[in-house]
Amino acid sequence: MNIRSLTRGDGVVIGAAVLLLIASFLDIYSIDGAPDSADIPSLWGSGSVVLGVVLAGVIGAALVVVNRAMPQPKKVAGLDLGQFGVAFTVFAAWCALGNIFDPAGAFDNDGGLDNIGAGIGLILALVATLVMAAAAVATPLVPALKGSLIPAARPAAPQPYGGQPQGGYGYPGAQQQPYGGQPGQPGQPGQPVPSFGGQPQPGQPQPGQPQAPQQAQAQPAGDFSPFWFAVPVPRPLFAEDGSPTPIAELAPGTWYLAVEQRGANLVAQTQDGRRGVLQDTSGIQRG
């Protein structure tokens, strides 16, 4: 699970779930003329409110958040956990609205209970479930709610185009060793390896002779250079063969390497070496 993939809408859902839990310990009824010492039950004193409002709302919020934080959404009966979570939050809001209109249930049909109304706990529960359901439904639709809840960390210093961030591959703060050997040792690209006796091998540049730009000649023509980037929101990574099923999900707060550009798409490589096509490149942050 990656908490950096959570969105602002998920943050609203979490806050509403906390408010719902607080409301569950407050009074369920408001009785006119009752003394301050009256023992009025909380929402936990009504089984229908606990099951239909409190537990349904908390379970729905948990399903929405857990589904967003997972690398691949889990599906049950063809629906992912997030869709089940949205249904639970809407159901909780509907049950809370019914209890607001008729807090005493069937008892007030006999008369004599007109002085019973919805308590502060029931009112706050309605507000929490309405906010929770609205955020769960609107998050995939509203761009402001789709933004990352935890923004991606920026590199410590600006890097040139095509350079690697100081944090290394996907983990800011790590120091990378040069590929192919330690610094200053023979055998690195661009350094001549002396033969036995200290004489240069044939074909190596002699002292005082200009060196040909072999590296420039070896690189293919084109203006694309690999670069590091981070995504603002979770983005699916599709297979290079055009398969519609995502092979991975790019999460905010992690650096990925773009190795090739295909039109408006980028071929990205993850930390575990998987390559795929990123179709939505809007708003990416270059390293």
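Use the structure listed above.
Asks: Give a description of the nonpolar core that names residues and reports values.
Replies: With 21 residues, the main nonpolar core has Val13, Leu20, Leu43, Val49, Val53, Ala125 and Met132 as its most contacted residues. Among the elements of the structure, helix H1 (8-23), helix H2 (47-69), helix H3 (81-101) and helix H4 (120-138) are those that each provide at least two residues to this core. The element best represented in this core is H4, accounting for 7 residues. Apart from the residues within four sequence positions on either side, Met132 is in contact with Val13, Ala16, Ala17, Leu20, Gly57, Ala61 and Thr89.

Asks: With reference to specific residues and values, describe the packing of aromatic side chains.
Replies: Inspection of every chain in the model, using the stated rule, returns 3 aromatic pairs. Between Phe229 and Tyr256, the ring centres sit 6.3 Å apart and the planes meet at 45°, which makes this aromatic pair tilted. On the criterion of sequence distance, the pair formed by Phe229 in strand E5 (residues 227-230) and Tyr256 in strand E8 (residues 256-262) is long-range, its members being 27 residues apart. Residue Phe229 is classed as buried on the basis of its relative accessible area of 0%. Site record: aromatic cluster; members linked through ring pairs are Phe227, Phe229 and Tyr256. Above the plane of the ring of Phe227 lies Arg286, whose end atom (NZ or CZ) is 4.1 Å from the centre.

So, how was this worked out
Position labels on residues start from 1 in each chain and follow its written sequence. Residues qualify for local features only when their pLDDT is at least 70, as the model is predicted, and side-chain atom pairs are given and counted only at 80 or more; totals for whole chains, interfaces and linings, by contrast, use all residues. No hydrogens and no water enter the side-chain calculation; it runs on all heavy atoms of the structure. Among the buried residues, those of types Ala, Val, Leu, Ile, Met, Phe, Trp, Tyr and Cys that are joined through side-chain atoms within 4.5 Å form a nonpolar core. Each residue is assigned to one of three classes by its accessible area relative to the maximum for its type, calculated with a 1.4 Å probe on protein chains only: buried under 20%, partly exposed between the two thresholds, exposed over 50%. Each helix is a run of H or I in the DSSP string that is no shorter than four residues. Each strand is a run of E no shorter than two, and both are numbered from the N terminus. The contact rule is simple, with two residues in contact once any of their heavy atoms fall within 4.5 Å. Two rings from Phe, Tyr or Trp (for Trp, the six-membered ring) form a pair when their centres are within 6.5 Å of each other. A pair whose planes differ by under 30 degrees is stacked, one over 60 is edge-to-face, and the rest are tilted. Each ring is checked for a lysine NZ or an arginine CZ that lies within 6 Å of its centre and within 35 degrees of its normal; such an atom marks a charge sitting over the ring.

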